[in-house]
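Listed here are the chains, written in short residue letters.
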Amino acid sequence: MTSVGLFRRAVEAASADLVAVLTPVNFVSSCSVLVDGGAYTVDWGDGTKVGYADGVTASAVPTANITVESDNAPTRFKISTNTITGVDVQQSGTLTSLFNSFTSMTNMTSFAISDTSLVATFQIAFTGCTGLTSFPLIDTSSATTISAAWSGCTGLTSFPLIDTSLVAAFNAAWSGCTGLTAFPLIDTSAGTNIQSAWSGCTGLTAFPLINTSLAASTVGAWKECSGLTAFPLIDTSANANFNETWKGCTALTTIPALDLSAGTTFSQTFDGCTGLTSLPALATENGTGFFAMFKNCTSLVTISALDTTANTSGLSADMFTNNSSMTSPNTSTRASLASSSGYDFN
């Protein structure tokens, strides 16, 4: 190609709303991409731009790196096959959604994107991208949901301090990120749903004091975080559902005096926390269900206070199953606490 031709192509790319350069795994496997919100072209490696309509999946076997372009203000870009190792989105300023954009791309080892300032949803964007060992500091200032965005990214060992100031839905965002050994103090002040957000992050040994003042549910939030040795005094004053919140956190020896007063359901809250030796006074006076709350807490000796008198559902079976070390409350008091009428132990 002449220098004039190269210059013209560079100018065209620079003025496009979307430019993505993809590195294929090989040149025998078919690759598929999709652009929503506007017509687009794909150069499958031979220098020829093939046109595709808005929302139509493009598929072909590439002969070199793939270039996807659109100057029609597209809103979403998606790769539909696990046949790409590198993603470099060089122009992306009109994108508003990365929903399911790179899901289960286990062969992807590098990722870059120039502009995500308008993207509101990152839901399941990178779920199952096990080949990523790091993630760039992208612009998430418009994001309102990051549900399961990096779920199952087992290769990540760290995570950047992204802007999550508008995010309400954090559910399962980093669940199963077993390689994470630390987590930044992100802004969770708008978060109402943090269910399973860090469940299965077995490499975490500590957790920051995040703002959970609006969180209405922490179901499974730190479930199976077996490496956690301590937990901060987060604000749980608005939380009604504590089901499985710390289930399987085997390294925790105690928790701080959290505000549980708004809690109504406590099923399996501490189930399997084999390292717990003591718990502070638990304000559970509004709790209506306590199924297996302390089951398999084999080292737990004392609970300072506990109130199950609002247990109208009768869901307290196995509340104290396999608690052989417990001395306070004693055996008879534990039976009263787990009864259908409940008991106020303080």
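The rules behind each value
- Residues numbered from 1 in each chain as written.
- Predicted model: local features only at pLDDT ≥ 70, side-chain atom pairs only at ≥ 80, totals over all residues.
- Heavy atoms only, no water.
- Helix = DSSP H or I, 4+ residues; strand = E, 2+ residues; numbered from the N terminus.
- Buried < 20%, exposed > 50% of the residue type's maximum accessible area, 1.4 Å probe, protein only.
- Contact = heavy atoms within 4.5 Å.
- Areas by Shrake-Rupley, 256 points an atom, 1.4 Å probe, with all protein chains shown as cover.
- Lys, Arg positive; Asp, Glu negative; His and termini not counted.
- Charge placed at Lys NZ, Arg CZ, Asp CG, Glu CD.
- Polar contact = N/O pair within 3.5 Å; in protein donor to acceptor, adjacent residues only side chain to side chain.
- Core = buried A, V, L, I, M, F, W, Y, C linked by side-chain atoms within 4.5 Å.
- Pairing = 2+ DSSP bridges.
- Axes fitted to C-alpha atoms, helices over the stretch in contact; angles between N-to-C directions.
- pLDDT = per-residue confidence, 0-100.
- Salt bridge = Lys/Arg side-chain N within 4 Å of Asp/Glu carboxyl O.
- Patch = residues over 30% accessible without salt bridge, like charges linked within 9 Å, V, L, I, M, F, W, Y side chains within 5 Å.

A. View of the overall build of the protein chain. Helix and strand content of the protein chain: two helices and 13 strands. Along the first, second and third principal axes, the C-alpha set of the protein chain runs to 90 × 30 × 30 Å. When the 346 residues of the protein chain are sorted by exposure, 49% land in the buried category. At a minimum sequence separation of 6, the contacts of the protein chain that also span at least 24 residues come to 56%. Of the roughly 12900 Å² of accessible surface on the protein chain, a fraction of 56% belongs to carbon and sulfur atoms. Here the protein chain contributes 9 positive and 22 negative side-chain charges, whose respective centroids are spaced 9 Å apart.

B. Here's a closer look at the side chain of Thr-269. Topologically, Thr-269 is positioned in the loop between strand E9 (110-113) and strand E10 (278-279). The exposure class assigned to Thr-269 is buried, which follows from its relative accessible area of 1%. A distance of 3.1 Å separates a polar atom in the side chain of Thr-269 from the backbone oxygen of Phe-242. If sequence neighbours within four positions are ignored, Thr-269 has contacts with Phe-242, Glu-244, Thr-245, Trp-246, Lys-247 and Met-293.

C. The nonpolar core, seen in detail. In this structure, Val-68, Phe-77, Trp-174, Trp-222, Phe-270 and Phe-294 are the most contacted members of the largest nonpolar core, which totals 89 residues. Going through the elements one at a time, strand E1 (18-24), strand E2 (31-36), strand E3 (40-43), strand E5 (58-60), strand E6 (66-70), strand E7 (76-79), strand E8 (84-91) and E9 are the ones with two or more residues in this core. If we ignore the near neighbours within four places in the chain, the residues touching Phe-294 are Phe-270, Leu-279, Leu-282, Leu-300, Ile-303, Leu-306, Met-319, Phe-320, Thr-321 and Asn-323.

D. Seen up close, the sheet that holds E7. Strands sit in the order E5-E2-E7 across an open sheet of three strands; the sheet is antiparallel. On the outer flanks of this sheet lie E5 and E7, each paired with one strand and no other. The mean inter-strand angle of the sheet, taken between neighbouring strand axes irrespective of direction, is 15°. With four bridges joining them, E2 and E7 adopt antiparallel strand pairing.

E. The arrangement of the side chain of Thr-284 in detail. Position of Thr-284 among the secondary structure elements: in the loop between E10 and strand E11 (302-303). Residue classification places Thr-284 among the buried residues on the basis of a relative accessible area of 0%. For Thr-284, the contacting residues outside a window of four places in its chain are Leu-260, Phe-266, Phe-290, Met-293, Leu-306 and Asp-307.

F. Quick peek at the environment of Leu-315. Within the secondary structure, Leu-315 sits in the loop between strand E12 (306-307) and helix H2 (331-337). When the C-alpha atoms of Leu-315 and Ala-338 are compared, they prove to be 8.5 Å apart, with 23 residues separating the residues in sequence. Setting aside its immediate chain neighbours within four residues, Leu-315 contacts Gly-289, Phe-290 and Phe-291.

G. Representation of the confidence of the model for the protein chain within the structure. Summarising the model, the protein chain shows a mean pLDDT of 94, and 95% of its residues fall at 70 or more. In the model, residues 1-12 has pLDDT below 50 throughout and makes six contacts with residues more than four positions away in sequence or in other chains.

H. Quick look at the sheet that holds E9. Across the sheet, which stays open at both edges, the six strands sit in the order E4-E3-E6-E1-E8-E9 with mixed pairing between neighbours. The outermost strands of the open sheet, each flanked by one partner alone, are strand E4 (49-52) and E9. Across this sheet, the average inter-strand angle for adjacent strands is 20°, counted without regard to direction. Both E3 and E6 contribute to a ladder of three bridges, which runs antiparallel. Counted as the bridge partner of Asp-43 is Thr-67 from E6.

I. Representation of the pattern of salt bridges within the structure. Scanning all chains against the criterion turns up four salt bridges. The residue Glu-244 makes a salt bridge to Lys-223 at a minimum N-O spacing of 3.0 Å. Of the two residues, Glu-244 sits in the loop between E9 and E10 while Lys-223 sits in the loop between E9 and E10, which places them 21 residues apart along the sequence. Each of Lys-223, Glu-244 and Lys-247 takes part in a single network of salt bridges with overlapping partners.

J. Structural view of a negative patch on the surface. Taken together, the side chains of Asp-235, Asp-259, Glu-285 and Asp-344 define an acidic patch exposed on the protein surface. Mapped onto the fold, Asp-344 is located in strand E13 (residues 344-345). Classification of Asp-344 by relative accessible area gives partly exposed; the value is 38%.

K. Structural view of the environment of Lys-49. Looking at the secondary structure, you find Lys-49 in strand E4. The exposure class of Lys-49 is partly exposed, given its relative accessible area of 38%. A distance of 3.1 Å separates polar atoms of two side chains, one belonging to Lys-49 and the other to Glu-69.

L. Fine view of the pairing of E2. Across the six residues of E2, five count as buried, placing the element largely inside the fold. Strand direction decides the pairing type here: E2 and E5, joined by three bridges, are antiparallel. When the bridges of E5 are listed, Ser-32 appears paired with Ser-59.

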